[in-house]
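Listed below are the residues making up each chain.
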Amino acid sequence: MLLQVQSTDDMQVVKSSESTKAWIEETNRTLPEGVQLQLWFDTADIYTSRMDLITESSILGLILVFVVLILTLRPRVALWVTAGIGVAFIGSFALLPVNDVSLNVISTFAFLLVLGIVVDDAIVVGESIHHHTHMGMPGEEAAIAGTLSVARPVIFAVLTTIVAFAPWLFVSGIDAQVTRQLSIVITLALVISLIEAFFILPAHLRHVEPRQNLKGLALKQQQIAHKIVDFAHNQYRPILERCLARRYTTSMIFVGGFMISVGLFATGWVKFYFMPQVESDQIYINVNLPTGTPYDRALEVLDQLQTAEKQLEKEVSERANELGEGSGALIEGWYTRSRRDSVVAIVRLAPPEERDLSAREAAERFRDLVGEIPDADEIRVNYTLNDSTPSVTFVLQHDDMTTLKRASEQLQLHLQGYEAAFFVRDDQRGELSELHFQLKPGAEKVGVSLATLSRQVRQAYYGEEVQRLPREYGDVRVMLRYPLDARQQLASLNDVMIRTADGRSIPLQSVAEVTLGESVQRISRRNGQRVVRVQANVDRDAVNEISKAVDDEYIPELKAQFPGLEVLRGGSQESEDEFFSEIGALYTVALFVIYALIAIAFKSYALPLLIMTAIPFGFMGAIFGHLLFDLPMALFSYFGIGAAAGVVVNDNLVLVDYIRRREQDGLSSPEAVVDAAVNRFRPILLTTVTTFVGLIPIMAERSTTAEFLKPAVLSLSFGVLFALFVSLLMVPALYLIGWDWQQRVRGAFVVSH
């Protein structure tokens, strides 16, 4: 017997788990010998492992960030910059209940995701104060001047990042439960980090004074800091000058890299799945049988599943014993149950580090051993934590039901031809036999209507409630109807008598014709039109290929064969299309708002375009990061790309703002670009290195729990890594390209006048 305990929406999963375990322990003491309760599966373990992973990775990442900062900045500056991250997180934690956000895996992960942006603000302000102190300014004056010099770019960088994550707050549907929490946490952390960076951090750093006569670790730290500055002047500057001299070539190299990344994504080298496929420690197979299936058939399917499970266990054991491959461990336990219309098998696997096959490999082999179940309406095999079985679904729409059935059969036959497709079904669930009653002429003259006839036939075979007997566990209904033997034979209809209004009894056959017909079990409609859904489970890596091949090659042929047929996407593909359509519209508005904010900051219509060109290159870094780790992209990858865009926009805003100030000091645009890029080299490098280093612990994690988070982490880390070169080389080149065109326009204007 399998007993499931489900918590309510407002109950804490860990507390409910602890209570259940305590109840099991207490109840086991009262059970008779040979009967025992055992815990089969606890979802609280998933929550706990993920929270532990995020917490440990965040702490270790913060320590690594502090190490990088203390090696490149003065210890006091590094300490207060790191402390500022903690202040931003603590403040955000305090405001979570007010915003109806609980402390869960998603909200905790959002803190890890925003770590790079929060440390970015603190580094820019702290490094600016450190730079002004190094120039010889007194502590308080350096704190004020350093903060004000980067105030405009940092404020607008935070605002643009908040706007970049705002669309996820307005997503509709069930996905909003995930995206809303990310957006709120990131917004809170950014606002509090901005307050901390401009009001608290300068107050702590105003006591920083120029250092003299350094020894020991302080001297080593200063040497590292000077080496970074020397590298900027002696190595980076010549490279930058050569790139600017060939600025059009430089820009095209970056554009070429971006086009390569788009090609890798479009051609399937880097695949995309809407949700990350995180393997579970269980394999779940559910077989739905047609309504009315005899229980003997359900038992046959149950035996088929049990035989496949034993065969799978035997194969793994034999491979370990005969070939010496693996430990032979795979299955710890299994549970099966059958009903008339469904059969379920749950296989509990050994821990990932002990078993010989991954959950996916075990599920696929289990599926092959089960084989075909031709009379099943639906077969679901799941081995992931997010309960997502890869499938392709097509919705057929036509006015004629016969045409729909024929088109469905043709499409199913075509899908069965793909090696990676299996369990191909539609949602019609077959047909059932039924009896049709039609009154004979003259029946109503003797007082028999169709309603009277139907009611009396129902009373004879289903029964009429004549009494209720109260009992301890509910009422017992007493039904009056024909004996069981009579109700099981169609021939008994010949003996049914119908009572007329005047009390006479006449044979059923004398007033009605009874015929045997067929009836569909389900009628599905979409926008008022009859539809049939055809679904095929497929291998995870073949979803996009099969879907595209059917759309491009077979659907036009099917439409030509059945005029008037409409074929639409269904299932997960339909919901994904709707989601991306909605988020695309929201991001169109968000990008316009970002453009407007930057235009206001720089009082220019051209500079926002320059700064925003860096955003797509976060996508380029994400693609190459996923390719390097051989990991498919997922929805969470876009969260990481958004966070990387926030870091890049921040760096570019600071860089362009410094270029404009140097131009106001009297430098020409080429001189101002080189001077600004060299002077901003250290903060741009530090923001990239700290973000990347802070995410190394979770990138290096090999547990299956980390697979849930890796898409976002890889997108963020490699997005900022690639964007480092965009900010240091491409943006200066684009700035001078814009200056070139500006000079040409001015020259043409002077000539024309």
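Remember, predicted model here, so these are calculated numbers, not experimental data.

### Quick word on helix α5 (residues 139-149)
- Among the residues of α5, those classed as buried are G139, A142, A143, G146, T147 and S149. On an axial view of α5, the arc spanned by its buried residues comes to 160 degrees, and they lie on one face.

### Considering helix α9 (residues 247-266)
- Taking 1.5 Å of rise per residue, the 20 residues of α9 would be expected to cover 28 Å, and the 29 Å separating its terminal C-alpha atoms lies within 8% of that figure.
- Within α9, the full set of buried residues consists of R247, T250, S251, F254, G257, S261 and L264. The arc that holds the buried residues of α9, viewed along the axis, is 145 degrees, so those residues lie on one side. Turned more than 90 degrees away from the buried face of α9 sit M252, M259, I260 and A266, all of them exposed.
- Positioned one or two residues after α9, G268 has a phi angle of 90 degrees, which is positive.

### A few points about a nonpolar patch on the surface
- There is a patch of nonpolar side chains on the surface, built from I59, L60, I63, V67, L71 and I224 and spanning about 480 Å² of accessible area.
- With five residues, the top contributor of residues to the nonpolar patch is helix α2 (residues 43-72).
- Tracing the backbone through its elements, the reader meets L60 in helix α2.

### What about the packing of aromatic side chains?
- By the definition in use, this model includes 17 aromatic pairs.
- Pairing F258 with F617 gives two aromatic rings, centres 5.7 Å apart and planes at 55 degrees, and the pair type is tilted. A residue pair is termed long-range when its members are at least 10 positions apart, and F258 in helix α9 and F617 in helix α19 (residues 615-629) qualify at 359 residues.
- A relative accessible area of 5% places F617 in the buried class.
- Ring geometry for F636 versus F639: centroids 5.3 Å apart, planes at 45 degrees, classification tilted. Residue F636 and its partner F639 are both found in helix α20 (residues 635-664); the two are separated by three residues, about one turn of the helix.
- For F639, a relative accessible area of 1% translates into the label buried.
- Within the aromatic cluster, the residues linked to one another by ring pairs are F254, F258, F265, F272, F580, F617, F619 and Y638.

### Thoughts on the sheet that holds strand β2 (residues 331-338)
- In spatial order, the strands read β2-β3-β1-β4; together these four strands make up an open sheet with antiparallel pairing. Each edge of the open sheet is held by one strand with a lone partner, namely β2 and β4 (378-384). Averaged over all pairs of adjacent strands, the angle between their axes in this sheet comes to 10 degrees, without regard to strand direction.
- Strand direction decides the pairing type here: β2 and strand β3 (residues 342-349), joined by seven bridges, are antiparallel.

### Observations concerning the packing of helix α1 (residues 13-28) against α2
- Contact geometry of α1 with α2 gives a least axis separation of 9 Å together with a crossing angle of 135 degrees. Here α2 runs oblique to α1, going by the angle between their axes. Crossing geometry of α1 relative to α2 is assigned as left-handed. Between α1 and α2, the contacting residues are V13, V14, S17 and K21 on the first element and T43, A44, D45, Y47 and T48 on the second.
- Of the residues belonging to the contact of α1 with α2, the class tally is four nonpolar, three polar and two charged.

### Focus: the nonpolar core
- Ranked by size, the top nonpolar core spans 80 residues in total, and within it F109, L113, V114, V125 and W168 carry the most contacts.
- Discounting residues that sit within four places of it in the chain, W168 has contacts with T179, R180, S183, F579, I583, Y587, L635, Y638 and F639.
- In this structure, L240, L653, V674 and L729 belong to the second largest nonpolar core, which totals 49 residues.

### Some details on the confidence of the model for the protein chain
- Residue-level pLDDT values for the protein chain average 81, and 93% of them are 70 or greater.
- Taking the mean pLDDT of every element in the protein chain, the minimum, 74, falls on strand β13 (residues 524-526) and the maximum, 90, on α9.

### Regarding the environment of Y295
- For Y295, the position within the fold is in helix α10 (residues 295-322).
- Once you skip the residues sitting within four places of it in the chain, Y295 turns out to touch S338, R339 and R340.

### Description of the pairing of strand β5 (residues 391-397)
- Of all seven residues in β5, seven are buried, a share of seventy percent or more.
- Residues S391, T393, V395 and Q397 of β5 are buried on one face, and the alternating residues V392, F394 and L396, pointing to the opposite face, are buried as well.
- Judged from the seven bridges that link them, β5 and strand β14 (residues 529-538) form a sheet pairing that is antiparallel. Residue Q397 lies in a different strand from β14, and its bridge partner there is V531.

### Things to note about the pattern of salt bridges
- Across all of its chains, the model carries 15 salt bridges by this definition.
- E241 is the salt-bridge partner of R237, the closest N and O atoms lying 3.3 Å from each other. Residue R237 and its partner E241 are located together in helix α8 (residues 216-245), separated by four residues, close to a single helical turn.
- The partner of E545 in a salt bridge is K271, and the shortest N-O contact between them spans 2.9 Å. One end of the pair, E545, is in helix α16 (residues 543-561); the other, K271, is in the loop between α9 and β1 (279-288), and 274 residues separate them in sequence.
- Relative accessible area serves as the criterion here: at 22%, K271 is assigned to the partly exposed category.
- It is possible to trace a salt-bridge network through shared partners that takes in R152, D657 and R661.

Basis of the calculations
Residues numbered from 1 in each chain as written. Predicted model: local features only at pLDDT ≥ 70, side-chain atom pairs only at ≥ 80, totals over all residues. Heavy atoms only, no water. Buried < 20%, exposed > 50% of the residue type's maximum accessible area, 1.4 Å probe, protein only. Helix = DSSP H or I, 4+ residues; strand = E, 2+ residues; numbered from the N terminus. Arc of directions from axis to C-beta. Expected span 1.5 Å × (residues − 1). Patch = residues over 30% accessible without salt bridge, like charges linked within 9 Å, V, L, I, M, F, W, Y side chains within 5 Å. Areas by Shrake-Rupley, 256 points an atom, 1.4 Å probe, with all protein chains shown as cover. Salt bridge = Lys/Arg side-chain N within 4 Å of Asp/Glu carboxyl O. Phe/Tyr/Trp six-rings, centres within 6.5 Å; stacked < 30°, edge-to-face > 60°. Pairing = 2+ DSSP bridges. Axes fitted to C-alpha atoms, helices over the stretch in contact; angles between N-to-C directions. Parallel < 35°, antiparallel > 145°, perpendicular 65-115°, else oblique. Left-handed = near helix turned anticlockwise from the far one by under 90°. Contact = heavy atoms within 4.5 Å. Nonpolar A, V, L, I, M, F, W, Y, C, P; charged D, E, K, R; others polar. Core = buried A, V, L, I, M, F, W, Y, C linked by side-chain atoms within 4.5 Å. pLDDT = per-residue confidence, 0-100.

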